[in-house]
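The lines below spell out each chain.
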Protein chains: 2
Amino acid sequence: MSDESEVLTGAEALMRTFVDAGVDVCFMNPGTSEMHFVAALDRVPAMRGVLTLFEGVATGAADGFGRIAGRPAAALLHLGPGLANGLANLHNARRARTPLVTVVGEHATFHQQFDAPLQSDIAALAGPVSGWVRTSSSVVGVGADASAAVEAALTPPGGVATLIVPADLSWSPGAAIGRPPGPRPLLSVDAMSVTGATTALRTTKSALLLGGAALREPGLTAAARIAAATGARLLCETFPARLERGAGLPAVERIAYLPELATQQLAGLDTLVLVGAAEPVTFFGYPDTPSRPAPTGCVTHVLARPGDDAVAALEALADDLGARDPAPVAPAGSLTDPTGALDVTSFAAAIAATLPENAIVVDEANTSGVAVPAATAGAPRHDLLTLTGGAIGQGPPVAVGAAIAGGDRPVLNLQADGSALYTMQAWWTQAREGLNVTTVLLNNRAYAILHHELSKVGAVAGGTRAKAMLTLTDPTPDYVHLARGMGLTAGRARTADDLVKLLRHAYTEPGPHLIEAVL
Amino acid sequence: MSDESEVLTGAEALMRTFVDAGVDVCFMNPGTSEMHFVAALDRVPAMRGVLTLFEGVATGAADGFGRIAGRPAAALLHLGPGLANGLANLHNARRARTPLVTVVGEHATFHQQFDAPLQSDIAALAGPVSGWVRTSSSVVGVGADASAAVEAALTPPGGVATLIVPADLSWSPGAAIGRPPGPRPLLSVDAMSVTGATTALRTTKSALLLGGAALREPGLTAAARIAAATGARLLCETFPARLERGAGLPAVERIAYLPELATQQLAGLDTLVLVGAAEPVTFFGYPDTPSRPAPTGCVTHVLARPGDDAVAALEALADDLGARDPAPVAPAGSLTDPTGALDVTSFAAAIAATLPENAIVVDEANTSGVAVPAATAGAPRHDLLTLTGGAIGQGPPVAVGAAIAGGDRPVLNLQADGSALYTMQAWWTQAREGLNVTTVLLNNRAYAILHHELSKVGAVAGGTRAKAMLTLTDPTPDYVHLARGMGLTAGRARTADDLVKLLRHAYTEPGPHLIEAVL
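Since this is a predicted model, take the numbers as computed values, not measurements.

Rules used throughout
- Residues numbered from 1 in each chain as written.
- Chains lettered and ligands numbered in written order.
- Predicted model: local features only at pLDDT ≥ 70, side-chain atom pairs only at ≥ 80, totals over all residues.
- Heavy atoms only, no water.
- Least-squares fit on C-alpha atoms with pLDDT ≥ 70 in both.
- Contact = heavy atoms within 4.5 Å.
- Domains from an automatic or database assignment.
- Buried area = accessible area lost by both parts, 1.4 Å probe.
- Salt bridge = Lys/Arg side-chain N within 4 Å of Asp/Glu carboxyl O.
- Polar contact = N/O pair within 3.5 Å; in protein donor to acceptor, adjacent residues only side chain to side chain.
- Pairing = 2+ DSSP bridges.
- Helix = DSSP H or I, 4+ residues; strand = E, 2+ residues; numbered from the N terminus.
- Axes fitted to C-alpha atoms, helices over the stretch in contact; angles between N-to-C directions.
- Core = buried A, V, L, I, M, F, W, Y, C linked by side-chain atoms within 4.5 Å.
- Buried < 20%, exposed > 50% of the residue type's maximum accessible area, 1.4 Å probe, protein only.
- Nonpolar A, V, L, I, M, F, W, Y, C, P; charged D, E, K, R; others polar.
- Right-handed = clockwise from strand over helix to strand, strands pointing away.
- Disulfide = S-S within 2.5 Å.
- Phe/Tyr/Trp six-rings, centres within 6.5 Å; stacked < 30°, edge-to-face > 60°.
- Left-handed = near helix turned anticlockwise from the far one by under 90°.
- Arc of directions from axis to C-beta.

Engineer: Explanation requested: the relation of the copies chain B and chain A in the structure shown.
Structural biologist: Applying a rotation about an axis and a shift along it to one chain copy brings it onto the other copy. The operation relating chain B to chain A is a screw motion whose rotation component is 180 degrees, with 0.0 Å of axial translation and a residual RMSD of 0.0 Å. Considering both components of the superposition, the chain copies are consistent with a two-fold axis. When C-alpha distances to the rotation axis are compared across chain B, the minimum falls at Leu482(B), with a value of 2.4 Å. By residue overlap, the copies meet face to face through one surface: 100% of the interface positions of chain B are interface positions in chain A.

Engineer: What exactly am I supposed to notice about the domain arrangement of chain A here?
Structural biologist: Often, the extent of an interface is quoted as the loss of accessible area upon association of its parts. Residue and element names in this part refer to chain A. Entries for chain A in the domain assignment read domain 1 (3-171), domain 2 (191-320) and domain 3 (344-518). Its C-alpha centre places domain 1 at a distance of 29 Å from the equivalent point of domain 3. Contact between domain 1 and domain 3 buries roughly 1,900 Å² in total, counting both sides, with carbon and sulfur atoms accounting for 68%. Broken down residue by residue, the surface that domain 1 buries against domain 3 is led by Leu53, Arg67 and Ile68, which jointly contribute 29%. Connecting domain 1 to domain 3 are one salt bridge. In this structure, the salt-bridge partner of Arg48 is Glu433, at a minimum N-O distance of 2.8 Å. Applying the counting criterion to the domain 1 and domain 3 interface returns eleven residue pairs in polar contact (both at pLDDT 80 or more).

Engineer: Could you clarify how one ought to interpret the sheet that holds strand β9 (residues 243-245) of chain B in this entry?
Structural biologist: Working definition: the strands of a sheet are paired by backbone hydrogen bonds and lie parallel or antiparallel to each other. Residue and element names in this part refer to chain B. Read from one edge to the other, the open sheet built from seven strands follows the order β9-β14-β13-β15-β16-β18-β17, with strand pairing classed as mixed. Every interior strand has two partners, whereas the edge strands, β9 and β17 (489-493), have only one. For this sheet, the mean inter-axis angle between neighbouring strands, taken without regard to orientation, is 20 degrees. Note: strand β16 (residues 437-443) against strand β18 (residues 513-518), six bridges, orientation parallel. Each residue of the ladder has a partner; that of Leu441, found in β18, is Glu516. Strand contacts of helix α15 (residues 395-405): β13 (359-364), β14 (382-386), β15 (411-416) and β16, with the helix running at about 175 degrees to β15, the strand carrying the most contacts.

Engineer: How should the nonpolar core be read in this particular structure?
Structural biologist: In a soluble, globular protein the nonpolar side chains are often hidden away together inside. Within the largest apolar cluster, 108 residues are counted, with the highest numbers of intra-cluster contacts made by Leu14(A), Phe18(A), Trp427(A), Leu14(B), Phe18(B) and Trp427(B). Ranked by size, the runner-up nonpolar core spans 80 residues in total, among them Val50(A), Leu87(A), Ala399(A) and Tyr422(A).

Engineer: Explain the interface of chain B and chain A to me, please; I cannot follow it from the model alone.
Structural biologist: The partner chain A presents 98 residues to the 98 residues of chain B that form the contact. Summed over the shared surface of chain B and chain A, the result is two salt bridges. Of the charged contacts, one joins Arg95(B) and Asp115(A) as a salt bridge, the two residues approaching to 2.8 Å between their closest N and O atoms. Our count for the contact surface shared by chain B and chain A stands at 46 residue pairs in polar contact (both at pLDDT 80 or more). Within the residue set of the side of chain B that touches chain A, elements represented by two or more residues are α3 (35-40), β2 (48-51), α5 (79-96), α6 (122-126), α17 (426-432), α18 (448-456), α19 (464-468) and α20 (479-485) of chain B. No other element matches the nine residues that α5(B) contributes to the side of chain B that touches chain A. Its residues assigned to classes, the side of chain B that touches chain A comprises 54 nonpolar, 29 polar and 15 charged.

Engineer: Looking at this structure, how should I read the pairing of β2(B)?
Structural biologist: Looking down a regular strand, the side chains alternate between one sheet face and the other. All names here are of chain B. Across four bridges, the pairing between strand β1 (residues 25-28) and β2 is parallel. Each bridged residue has a counterpart across the sheet, and for Val25 the counterpart in β2 is Arg48. Handedness of the β1-α3-β2 crossover: right-handed.

Engineer: I'm lost on the environment of Val7(A) in this one. Help?
Structural biologist: Tracing the sequence through the fold places Val7(A) in helix α1 (residues 3-7). Sequence-wise, Val7(A) and Asp497(A) are 490 residues apart; in three dimensions their C-alpha atoms are separated by 62 Å.

Engineer: Looking at this structure, how should I read the state of the cysteines?
Structural biologist: Simply put, disulfide is the name for a covalent bond between the sulfur atoms of two cysteines. Residue and element names in this part refer to chain B. Applying the stated criterion to the full structure yields zero disulfides over all chains. Cys298 takes part in no disulfide bond, and the closest cysteine sulfur to it belongs to Cys236, at a distance of 17 Å. Note on Cys298: relative accessible area 16%, which makes it buried.

Engineer: Whenever I open this one, the packing of aromatic side chains confuses me. Can you help?
Structural biologist: The geometry of an aromatic ring pair comes down to the distance between the two centres and the angle between the two planes. All names here are of chain A. Enumeration over the complete set of coordinates arrives at 17 aromatic pairs over all chains. Taking the centre distance of 6.4 Å and the plane angle of 65 degrees together, the rings of Phe27 and Phe65 count as edge-to-face. One end of the pair, Phe27, is in strand β1 (residues 25-28); the other, Phe65, is in helix α4 (residues 55-69), and 38 residues separate them in sequence. In this structure, Phe27 and Phe65 share a single accessibility class: buried.

Engineer: So what exactly am I meant to see when it comes to the packing of helix α2 (residues 10-20) of chain B against helix α7 (residues 142-154) of chain B here?
Structural biologist: A pair of packed helices can be characterised by two numbers: the angle between their axes and the separation between those axes. Residue and element names in this part refer to chain B. Viewed as axis vectors pointing N to C, α2 and α7 meet at an angle of 35 degrees, and their least axial separation amounts to 8 Å. Here α2 and α7 pass one another in a crossing that is right-handed. The residues of α7 that touch α2, namely those facing Gly10, Leu14, Thr17 and Phe18, are Val142, Gly143, Ala146, Ser147 and Val150. Along the lines of polarity and charge, the residues of the contact of α2 with α7 split into five nonpolar, four polar and no charged.

Engineer: Please clarify how unusual backbone geometry should be interpreted in this entry.
Structural biologist: Glycine aside, the phi torsion of most residues is negative, and most peptide linkages are trans. A cis amide bond links Pro156(A) to the next residue, Pro157(A), at an omega of 5 degrees. Along the chain, Pro157(A) falls in the loop between α7 (142-154) and β6 (160-166). Of the consecutive residues Asp474(B) and Pro475(B), the connecting peptide bond is found in the cis state with omega at -5 degrees. Take Pro475(B): it is sitting in the loop between α19 and α20. Of note, the phi angle at Asp115(A) is positive, near 50 degrees, even though the residue is not glycine. Tracing the sequence through the fold places Asp115(A) in the loop between β4 (100-106) and α6 (122-126). In this structure, Asp474(B) takes a positive phi of about 60 degrees despite not being glycine. Along the chain, the position of Asp474(B) falls in the loop between α19 and α20.

Engineer: Where do I start with the pattern of salt bridges in this structure?
Structural biologist: If charged atoms from side chains of opposite charge come close, those side chains can pair. All names here are of chain B. Considering all chains together, one arrives at 40 salt bridges over all chains under this definition. In this structure, Asp383 and Arg242 form a salt bridge, with 3.0 Å as the shortest nitrogen-oxygen distance. With a gap of 141 residues between them, Asp383 in strand β14 and Arg242 in the loop between β8 (233-236) and β9 connect regions that are remote in the sequence. Summarising the burial analysis for this pair, Asp383 and Arg242 share the class buried.

Engineer: Just to check I follow, could you spell out helix α11 (residues 259-266) of chain B for this structure?
Structural biologist: Because each turn of an α-helix spans 3.6 residues, side chains separated by three or four positions end up pointing in the same direction. Residues and elements named next belong to chain B. Where α11 is concerned, the buried positions are Pro259, Ala262, Gln265 and Leu266. Angular distribution of buried residues about the axis of α11 spans 120 degrees; they occupy a single face of the element. At the exit of α11 stands Gly268, carrying a positive phi of roughly 85 degrees.

Engineer: What should I look at first to understand the sheet that holds strand β17 (residues 489-493) of chain A in this one?
Structural biologist: Residues and elements named next belong to chain A. Overall, mixed pairing links the seven strands, which are arranged β9-β14-β13-β15-β16-β18-β17 in an open sheet. The outermost strands of the open sheet, each flanked by one partner alone, are β9 (243-245) and β17. Across the sheet, the mean angle separating the axes of adjacent strands is 20 degrees when strand polarity is ignored. Relative to strand β18 (residues 513-518), β17 runs parallel, the two being bridged by five bridges. Pairing of Ala493 across the sheet is with Ala517, part of β18.

Below, the structure written as structure tokens:
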């Protein structure tokens, strides 16, 4: 052990190991058992600590950061209940395959036998959302544990790694900085998979179903060359973690959320070639509706699994097919400012007409349907981040992390009202960090999707008592008040003209803004 | 199977079983997989559905309801992420030993094989907070499962029972109403325990440490008779689930939260007689501080474990000791309205001077320290509900449930600012249900307790970066705006006169109010 290691506490070793491994942002909700990590911030200036007011914000922000940066952020959480509050957005991160490191403080080892009020089974809670879980068992090992956590998070396709650190290991000296993890390359796709895909695309009615890393420009370009050469259709996951789209990029069609629409989209296909995506399944199971929307007899051919080098596989496939023409791309749309009443169409037009170049769009406004995707197809190119795991309250936190990872890139958070209320504490962090996040909140005064779902599952719900459980009125939350209470500049748009004006103002003036769009 | 059972769905059978078993309030955050429970509300009018905007509100409200009503409420949650959002307050409910039934919807059985986005291991998440977990496996069994869940929740000392119901079992017909669970009596304490306590109290310096059911009037009265006859001290848990106190009731001293104060309180004791309470331990482990604050050599004698009939045991002990004098009780205080500057002392005086008769006080203002308990010792009698498990964000939801269980009893929620931000969605439910909850929010612009904890764990934190992680400024949330945004009447008190006036107004005018007290 070196002289340095003898004075290094576990907390400081963890922080230094993270920084050496490229993990230099920590979203945190610390408590007593994490105070030494907090104290270490002043001795490890390369680590940026970002305070959140609820753990679901910390984990969601780490998800947004990882999706844009391609490397993990850390989320520092307080014991079992702190982790519990962060689980929903860790679930979304797991589904997004985001590289993310969760550090959870635990009671000091000598204290755990006493079953103090905050004692709980942290590892059990971490299991369902984590690809890797470890509890540090010695001060000297904390640095190596931190390095192993980063390595696990970065192992393709990426995932959530959770490290549990007892408080006495954080505060005790004698720790050592962990060696940075080695590179974790993508797995190569074998030639047989490529040949099989070539045959399928040449001989059957096929579609490429893209997911994960295939949804960025290189993958989309190769896929679009293949589609142009073979007539195959280009589809992508319903809820992609990160999709590059807009003018100048190849367009790809997302599989619809609603089972009946997904079934229509996939009708007539003989083969689905999976490229970093899983076989399509409906979001929920319904009476008398198959869970698989693909037609009976449609064969799935796996070109690349998640974690495989999907881009290389697509390029090899394009070459094998002799697809030499450049990929067709979406043309720039003729975007004009809408005027008059605010409805779904004018709302979408306003979003498209004002979208800045190189924006990051965080979409948790699932009820906005198809209008916005259609309107923004020819908008300036942007990254689209969606609700990968279905656990609501993902948008505002992901916007925090995306804004920090994106540097000067503007962030637009399209946000449903009911979901916003889950994690609106994120607005405070947006204000504190001065992030350029514009939140457009669609106030439809209801869990709109649930009215649809109520009928879809065959529930007889003419009754007023049932409907009251799906309605956000009486009182209607005042989102402008709520946003101002958290430190945002906030306004309300009742017309398309209002919305365009408020959007332009929000993109121009630094710091976070919220616009409530009353549809 | 009767004719009725053939048309009864699983969801309806569950609701009817609950109502028959006395579970007639359901706090809910439903999603697609729970739509049939929502639809059933119109066919089971005896079940009161209460919508919450975040699962932590539903579970915390069910905790507050159970503490006051002494019988379970149900919390209806959506899949794994919905349960995850409710876990922190289920952790508190577990520590409070509150009878509570959690119903979690799961994907339809035929859909689970497809690993759809919201799929996760619900039972694994439920385990750490639940004394009982079951996944229904047949439609015909859902009613019996519901009955078993209620029985498990009611089994002394009370606990969290979690029932997971796949959506197809909810929507399918062929279910049957479960038979209501039988009585679950408390366990009798054996004579040996009583005799041992008698000997200890007669021969050693002793204290009774009361917890659970011993903290209501009958237990307190018997304990106070014992204390008067023997000179034993009366102590209670640091964070009781429900403590009856105020003028006319025997007074009991809570063990201090801070280890150094708890050590002082327990100094000199030879025997601690545990009555429904666990041995005292510090909340956290600290360097160079023992986890047990009781003096070395102090013997613990268990008179009654949680779940034992503590009141009968105390009465038997009082008789065995020949303690025939009536119990001394706290006299009514001479409470006068404070005036002038708002500080800790005048704040406490204002709370005491205005407290209505028979109030329920939900205290999550842990930084208010000893002033409020001292000032309210002679206030009109009230129930005190505290943060049993240390998972913050407990106060506003528990106030919801306590208000519904309490009927026309006024509820006062003393609330720390940082903790309020965890579950402020509860204010909306308070507004929607028209609950007489008065929230007094102590705005100290910081996680005040953490500044203390930072030094207590020996963390060197002179640094500005560390301190920034413990400070709720830049921006300071505007709680009046936030409360109004959720539909509350809200105001700000900067003087003691303001606070008295706003408190009296809040208690007089129906519906929920928030008062931000700027100390």
